[in-house]
Amino acid sequence: MKFINLPVVLGASMFLMLATVLTACEVSGQKEDRGTNSGKAAESVQIRVYAVERGGYYMTAKVLKSEEEWRRQLTAEQFYVTRKKGTEKPFANAWWNNHEKGIYRCVCCDLDLFSSDTKYESGTGWPSFWQPVAPENIATKPDNSLFVKRTEILCSRCDAHLGHVFDDGPKPTGLRYCMNSAALKFEKTR
C-alpha cells in the first residue's frame with residue numbers, strides 16, 4: 001500500500017473532515033477494552049516515570065481500568081479522545097493558545113507529560129511541544145490509519161491516546177508533539 005500526504009493533496013479542512021469520518025467509522029467497529037482487570041493486576045506491572053515536582057524518577061503501577069470505569073471518570077470528549085483515539089477540533093480546544101507556565105498532565109492518570117517550557121506555536125490549532133518531560137512518560141506506536149504513516153503518542157502509565165508526533169518541529173529536537181487538549185490537564189507553576 002502506498003502512503004500519500006493527504007493534508008497536502010486534500011487541503012487541511014477536507015483532511016480534517018475525512019479524518020473525523022474515518023475515525024468515527026474505525027471507532028464504531030472497535031470492541032477494545034484497555035485493561036479489564038480493573039486495577040487488580042496493576043500492582044504487578046511497574047514502570048519508571050519522571051515527576052517534575054519531585055525532580056526525579058520513581059516507580060509506579062500501570063493504570064488498568066475497564067471501559068466502563070473510564071466512561072465514569074472522563075467527560076464524553078475526554079473518553080472519545082483518550083480511549084477511542086479521537087481528535088478534537090483545532091483552534092477550539094482548551095490549551096492550544098495557553099501561554100501560562102506550568103505542567104501538562106494526563107487527564108486519565110495525572111502523569112506529568114509536557115512542560116510549558118517546551119510548548120510552542122505550531123500554527124496547527126493544537127497544543128504542540130518539542131519534547132516531553134521525560135521519554136519514559138510517553139509511549140509511541142505506529143499509526144497507519146487514514147492512509148498516512150504517523151506515530152501515535154500514548155501515556156505510558158494508562159495508555160491514553162494523546163496525539164501524534166511529527167518530524168517538522170523546531171530545534172533542538174526537530175519534533176512536533178501535536179497533542180489533544182482533551183487528553184491533558186494543566187497545572188500552573190509559580
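The structure under discussion appears in the preceding block.
Residues numbered from 1 in each chain as written. Predicted model: local features only at pLDDT ≥ 70, side-chain atom pairs only at ≥ 80, totals over all residues. Heavy atoms only, no water.

(A) Molecular detail of the packing of aromatic side chains. Counted by the stated rule, this structure contains 8 aromatic pairs. Both rings, one in Y50 and one in Y57, keep their centres 5.2 Å apart while their planes meet at 70°; by these two values the pair is edge-to-face. Judged by relative accessible area, Y50 falls into the partly exposed class, the value being 22%. Between F114 and Y177, the ring centres sit 5.7 Å apart and the planes meet at 55°, which makes this aromatic pair tilted. Of the two residues, F114 sits in strand β4 (residues 112-115) while Y177 sits in strand β10 (residues 176-179), which places them 63 residues apart along the sequence. Judged by relative accessible area, which is 10%, Y177 ranks as buried. Cluster of aromatic residues (ring-pair linked, three or more members): W95, Y104, F114, F129, Y177 and F186. The ring centre of Y57 lies 3.7 Å from the NZ or CZ of R48, which sits over that ring. Above the face of the W70 ring, K65 is positioned so that its terminal group lies 4.9 Å from the ring centre. (Phe/Tyr/Trp six-rings, centres within 6.5 Å; stacked < 30°, edge-to-face > 60°. Buried < 20%, exposed > 50% of the residue type's maximum accessible area, 1.4 Å probe, protein only. Helix = DSSP H or I, 4+ residues; strand = E, 2+ residues; numbered from the N terminus. Lys NZ or Arg CZ within 6 Å of the ring centre and 35° of its normal.)

(B) A look at the pattern of salt bridges. Using the criterion set out here, one finds 13 salt bridges in the structure. Salt-bridge contacts for D110 lead to K185; the nearest nitrogen and oxygen are separated by 3.3 Å. In this pair, D110 is assigned in the loop between β3 (102-106) and β4 and K185 in strand β11 (residues 184-188), connecting sequence segments 75 residues apart. D110 gets classed as partly exposed once you look at its relative accessible area, which sits at 37%. You can call K185 partly exposed: its relative accessible area is 35%. Among the salt bridges present, the one from R150 reaches D143, with a minimum N-O distance of 3.1 Å. Taking relative accessible area as the criterion, D143 reaches 12% and is therefore assigned buried. (Salt bridge = Lys/Arg side-chain N within 4 Å of Asp/Glu carboxyl O.)

(C) Spotlight on the side chain of R105. Mapping R105 onto the fold places it in strand β3. By relative accessible area, R105 is classed as buried at 10%. Within the structure, the side chain of R105 is placed 2.5 Å from the side chain of D112, a separation counted as a polar contact. Ignoring any residue separated from it by four or fewer positions in sequence, one finds R105 in contact with D110, L111, D112, L113, A183, L184, K185 and E187. (Polar contact = N/O pair within 3.5 Å; in protein donor to acceptor, adjacent residues only side chain to side chain. Contact = heavy atoms within 4.5 Å.)

(D) The arrangement of the sheet that holds β4 in detail. One open sheet accounts for 3 strands, arranged β4-β3-β11; its pairing is antiparallel. Each edge of the open sheet carries a strand with a single partner, namely β4 and β11. Averaged over all pairs of adjacent strands, the angle between their axes in this sheet comes to 30°, without regard to strand direction. For β3 and β11, the ladder comprises 5 bridges, and the chain directions are antiparallel. Each residue of the ladder has a partner; that of C106, found in β11, is L184. (Pairing = 2+ DSSP bridges. Axes fitted to C-alpha atoms, helices over the stretch in contact; angles between N-to-C directions.)

That is the geometry; function is a separate question.
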